[in-house]
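Survey of secondary and tertiary structure
As a plain string of letters, each chain reads:
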Amino acid sequence: MDINKVNEYLNKLSSAASNSSLDEFQIKYSYEESMGLDIFEGEVSNYENSITQLISLSGKKDGQMGGAATSSLDEEFIPWLIDKTISAIELTNDEDENFFNCDPEHPNLESVQLGGAYDKNTYDKFKEIGLLIEKKLLEADSRIVAVDYLSLNCSRGPAIRRNSLGLNMYTDEDLVTIGAGIRAVENGITKSFGKSWYGQDIDEFDVDEFVNDLVAKAMAKFGGSSVKSGTYDVILHNKVAIKLFGSFLSSFSSYQMCKDLSVLKGKEGSRIASECLTFAEVPMYDKAIFKVPFDDEGVLTTEKNIIENGVFKTALYDIKTQHMTGVKSTGNGFGGIDISNVMIVPDESVPTLEELAGIMGEGILITDISGLHAGLNPISGDFSLLSEGFRVVDGKIGQAVEQITMSGNFFEMINRIGKIGGDVDKTMGSNGEFFAPSIIIKDVAIAGE
Amino acid sequence: MLSDSNINRILDAALSKNADFAEVFIEDKTSTSVRMLDRNVMGCANTLGSGIGIRIMLGTNVVYVYSNDFDIDALTKMASEAACALKSDNPTKIAELASLCTTSASIINSDLKVSERDYIDYLSKGIDFALNYNEKIARVSSNFSHSYKTVRIVNSRGVNKQEIYNRSRASINVIADNGTEKQTAAIAPGTLKDFSFFTDYPLIEQVQKKCDSAIRMLDAGYAPSGKMPVVIGNGFGGVIFHEACGHTLEATSVGIGSSPFADKLGQQIASSVVSARDNAKIEGEWGSYETDDEGNESSNLLLIENGILKNFLVDELGARRMGCKPTGCGRRENYQYAPTSRMSNTYICAGKDKPEDIIADTEYGIYAASMGGGSVDTATGEFNFAVNEGYMIRNGKIAEPVRGATLIGMGSEVLMNIDRVADDLELSVGVCGSISGSVPVTVGQPTLRVSEITVGGRD
């Protein structure tokens, strides 16, 4: 990125917007460069390299907001951006006013979290690691017939936000991701399993750990069968807990509540879950790859319990809902209300999955769920999802279970939490990571045979 | 944007290390959208985007680079650097560029002037109806999006083609609330035709149906669990075929041998009442195109005939892997993705039964009147999809509404278990996600019955 060229353009756009009929405006510039490759059958089957940028203008006039965006830094598009922003505003009649923000005490915000290792991510390095992963996967077990996908990617790039109230924000991050999926066959039955890793330094990636875990989990799927339909105690494995909780986070948005689109409306201060559940937002969590000191609106983030010992302590607020409700923004304005780094607080007295299974005694360990985009209703909380996992008999994790669905209502289900585990895993989201341990849920409807 | 000579410069750079194929994909797109909540316009956005993707191939190895900076020196450098990943000793000659050939499956009446205000007025008709229809309709969220996209594909074989897409979609989502429960139902018509498609669309009739559905589902009990016959309604019910079979017929999985149907060409993979097509040539249909994103002509492909697997969906890379010709199905969301084999308008063909006879002949089961989306593991064929509006079938009659059902199974099994196919084929629009991004697709089917499938209910 040519920062001088970008600054020159942003100054011209800013000047033109100041001289337009807009009351206030905000400019965002984002730039990303990425590199990645796929390995297939001992070769680099696909290599990608890219540079992209986007400039967006948001404007406010008479309390209404609108915007336009372009991928070109060509000055000839500046009048287009302004005209389209104004025409968008003229069509808008949001009954709730929108706001730009600048905290006078923190107008200049900067968060640069580069691992410093991006330049290690060369084609040759990725190729070497990729080929090694593929080789080790194929040699790990004779039942593995193919590595169907194996991708290594890295990206970095800054984002700049400036507004007419004085906000001047600069963020920059980099990330490396590795994903692989294998196919294995035993007695004519095919099983597939995938795994991903992310971090900032490719040298922190442990090939053997990645391969061994992927292979072990894939091979454990053989010998599976369905179960009789009925009600079972289940353990939501940590990644499953993240997927399921993550699907219903919009219900914690104050905006959804204001618009009567959340069943949690009016329940702040009330008990909504079992006492053992504490769900916290920890923007600066020391184990998170990226700390989130401020949101996209320039509000400093704070650590808070969203659910504390089963009690719904606070909804998530941004600047818009701050004005709608009178409750101060919680620093969750990420282009709509969203979370940064969050965690379901683990019970460290139960450090392993095996110990949690021992506590449950009988039931099903759910290790994966599918169909989240269609099989759940984020407003009502109802869900019915293709699931797989393992039987738990006499407190031991046993035979694989497949071709079942797990159904229920999320908001009822969190009142039937039997025990929180301590085996924390994590997943990267849009603005931060979600950390969660495995969780026992009582009396869950399972459909099978 | 880029002259022919500059495109040739990029192709030269891309083949400088003797790869056997190079392609330039240039995209220019303007899009407009409006978003409403009840009668309020919550947002209106315009985006102007363009970009270029350069693909280089040597055998089955691919390099793909993209940018939205059209500086010719930067692009040539990018192509040269990319070329270094694919070296060979056999030079490839770039064929002379053919004259630019422009095609489109869109139907555009340039006299028809439409603005964002028309989109708002259109949505407002549906919104007003829904909010006045029944006091249980508590909220209506909606949006209208329109895009005009030109893609140009030039390659080292001399292909020089351009496809134009004029695409619009409206969606209206009604939310019913009885004080303790909330249920939603939505319409989302989309087209490559101009705005007259929407003025001809039976908007009020369709919104009323969805209001009725959401209200009915408020008081519905939960679906039963276990294996049973399921009658799947026409239209978006075709998502079952899209997920359970369509994805596993794409060269993306067939070409690497991961599809359960990879070695089944010419064999029976479905019951004899099932025939299916992928037809990208339906003029004005949401998933249509004349020229695919690799510059090949689209096709009306017979996938299954009376249960026998007839064809796979093959893109250029898949053709190299499988040793066959591409079928004109190379698609991508935009220049940021290399193309791969994708479906277009994919449907199970009409049969001879009457929908009412299929219900009458079903003693007990589920009638899935309206389907949600789903997904499939292409390596195992394991699929899932959600029933948005379901009813029990008892003694050959549609009985009480049920909710919360997901249908799961193996693609190969469910195809063999389709035992009745009606004559009421209907298409329905959607968006499909895969390794080349999200592309508009149409799914479709007549009413059909699966003799046994696992229903994931709660009772």
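Structure first, text after, so check above.
Residues numbered from 1 in each chain as written. Chains lettered and ligands numbered in written order. Predicted model: local features only at pLDDT ≥ 70, side-chain atom pairs only at ≥ 80, totals over all residues. Heavy atoms only, no water.

1. Quick word on the overall build of chain A
In terms of helices and strands, chain A carries nine helices and 19 strands. Against the 2.2 N^0.38 benchmark of 22 Å for 449 residues, chain A shows a C-alpha radius of gyration of 24 Å, consistent with a compact globule. Taken along the three principal axes of its C-alpha coordinates, chain A extends 70 × 55 × 35 Å. For chain A, with 449 residues in total, the buried portion stands at 56%. For chain A, the proportion of contacts with a sequence separation of at least 24, taken over those separated by at least 6, is 71%. Across chain A, the 39 positively charged side chains and the 70 negatively charged ones have centroids separated by 3 Å. (Helix = DSSP H or I, 4+ residues; strand = E, 2+ residues; numbered from the N terminus. Rg over C-alpha atoms; globule rule 2.2 N^0.38 Å. Buried < 20%, exposed > 50% of the residue type's maximum accessible area, 1.4 Å probe, protein only. Contact = heavy atoms within 4.5 Å. Lys, Arg positive; Asp, Glu negative; His and termini not counted. Charge placed at Lys NZ, Arg CZ, Asp CG, Glu CD.)

2. Digging into the overall build of chain B
The number of helices and strands found in chain B is ten helices and 24 strands. Taking 459 residues into account, the globule formula puts the C-alpha radius of gyration at 23 Å, and chain B, at 24 Å, falls close to it. Along the first, second and third principal axes, the C-alpha atoms of chain B reach 70 × 55 × 35 Å. Considering chain B as a whole, with its 459 residues, one finds that 61% of them fall into the buried category.

3. Notes on the pairing of strand β20 (residues 405-410) of chain B
Residue and element names in this part refer to chain B. For β20, a buried count of five out of six residues is recorded, marking the element as mostly surrounded by other parts of the structure. With six bridges joining them, strand β18 (residues 382-394) and β20 adopt antiparallel strand pairing. Across the sheet, F383 pairs through a bridge with G409, a residue of β20. (Pairing = 2+ DSSP bridges.)

4. Thoughts on the sheet that holds strand β13 (residues 308-309) of chain B
All names here are of chain B. Spatially, the six strands line up as an open sheet ordered β13-β12-β11-β16-β23-β22, and their pairing is mixed. Every other strand in the sheet has two partners, leaving β13 and β22 (426-434) as the edge strands with one partner each. The sheet contact formed by β22 and strand β23 (residues 437-445) spans nine bridges and is antiparallel. Across the sheet, residue S434 finds its bridge partner in β23, namely G437.

5. Points about the sheet that holds strand β17 (residues 425-428) of chain A
All names here are of chain A. Read across the open sheet, the six strands follow the order β11-β10-β9-β12-β18-β17; overall the sheet is mixed. Every interior strand has two partners, whereas the edge strands, β11 (311-312) and β17, have only one. Judged from the two bridges that link them, strand β10 (residues 304-308) and β11 form a sheet pairing that is antiparallel. Note that in β11 the partner of E308 across the bridge is V311.

6. Some words on empty space enclosed by the protein
All names here are of chain B. Tallied over the entire structure, the rule returns one cavity of 30 Å³ or more. Space inside the largest cavity adds up to approximately 30 Å³. Lining the largest cavity are A223, I366, V387, G390, V402, R403, G404 and A405. When contributions to the lining of the largest cavity are tallied by element, the ones reaching two or more residues are β18 and β19 (397-403). (1 Å grid on protein atoms, 1.4 Å probe; cavity = no way out; pocket = protein on both sides within 12 Å on 5 of 7 lines; lining within 4 Å. Points joined across faces, edges and corners; volume = space filled by probe spheres on them.)

7. Structural notes on unusual backbone geometry
Glycine aside, residues mostly have negative phi, and peptide bonds are mostly found in the trans state. Residue and element names in this part refer to chain A. One non-glycine residue, N309, lies in the positive phi region at around 45°. As for its position among the elements, N309 is in the loop between β10 and β11. Positive phi is not limited to glycine here, since Q403 has a value of about 55°. Relative to the elements of secondary structure, Q403 occurs in strand β15 (residues 396-409).

8. A few points about the packing of aromatic side chains
Residue and element names in this part refer to chain A. Under the definition given, this model contains 27 aromatic pairs over all chains. A ring pair is formed by F248 and F411, whose centres lie 6.0 Å apart and whose planes are at 75°; its orientation type is edge-to-face. Of the two residues, F248 sits in the loop between α5 (238-247) and α6 (254-258) while F411 sits in helix α9 (residues 410-413), which places them 163 residues apart along the sequence. Owing to a relative accessible area of 0%, F248 belongs among the buried residues under this scheme. Between F252 and F312, the aromatic rings sit 5.6 Å apart at their centres with planes inclined by 85°, giving edge-to-face as the arrangement. (Phe/Tyr/Trp six-rings, centres within 6.5 Å; stacked < 30°, edge-to-face > 60°.)

9. Brief notes about the interface of chain A and chain B
Interface size is commonly expressed as the accessible area that is lost once the parts come together. Every contact between the two is made by 66 residues of chain A and, on the other side, 68 residues of chain B. Together, the buried faces of chain A and chain B total about 5100 Å²; carbon and sulfur atoms form 51% of this surface. Considering only the surface of chain A that becomes buried against chain B, Y47, L91 and Q403 of chain A emerge as the three largest contributors, covering 12% of it. Counting across the interface, chain A meets chain B through two salt bridges. (Buried area = accessible area lost by both parts, 1.4 Å probe. Salt bridge = Lys/Arg side-chain N within 4 Å of Asp/Glu carboxyl O.)

10. Section: the side chain of N98 of chain A
All names here are of chain A. Examined against the element boundaries, N98 turns out to sit in the loop between α2 (78-91) and β4 (108-113). Reaching out from N98, the side chain makes a polar contact with the side chain of D94 at a distance of 3.3 Å. When near neighbours in sequence (up to four residues on either side) are disregarded, N98 contacts K60, G63, M65 and K320. (Polar contact = N/O pair within 3.5 Å; in protein donor to acceptor, adjacent residues only side chain to side chain.)

Limitation: the analysis is restricted to geometry and does not speak to function.
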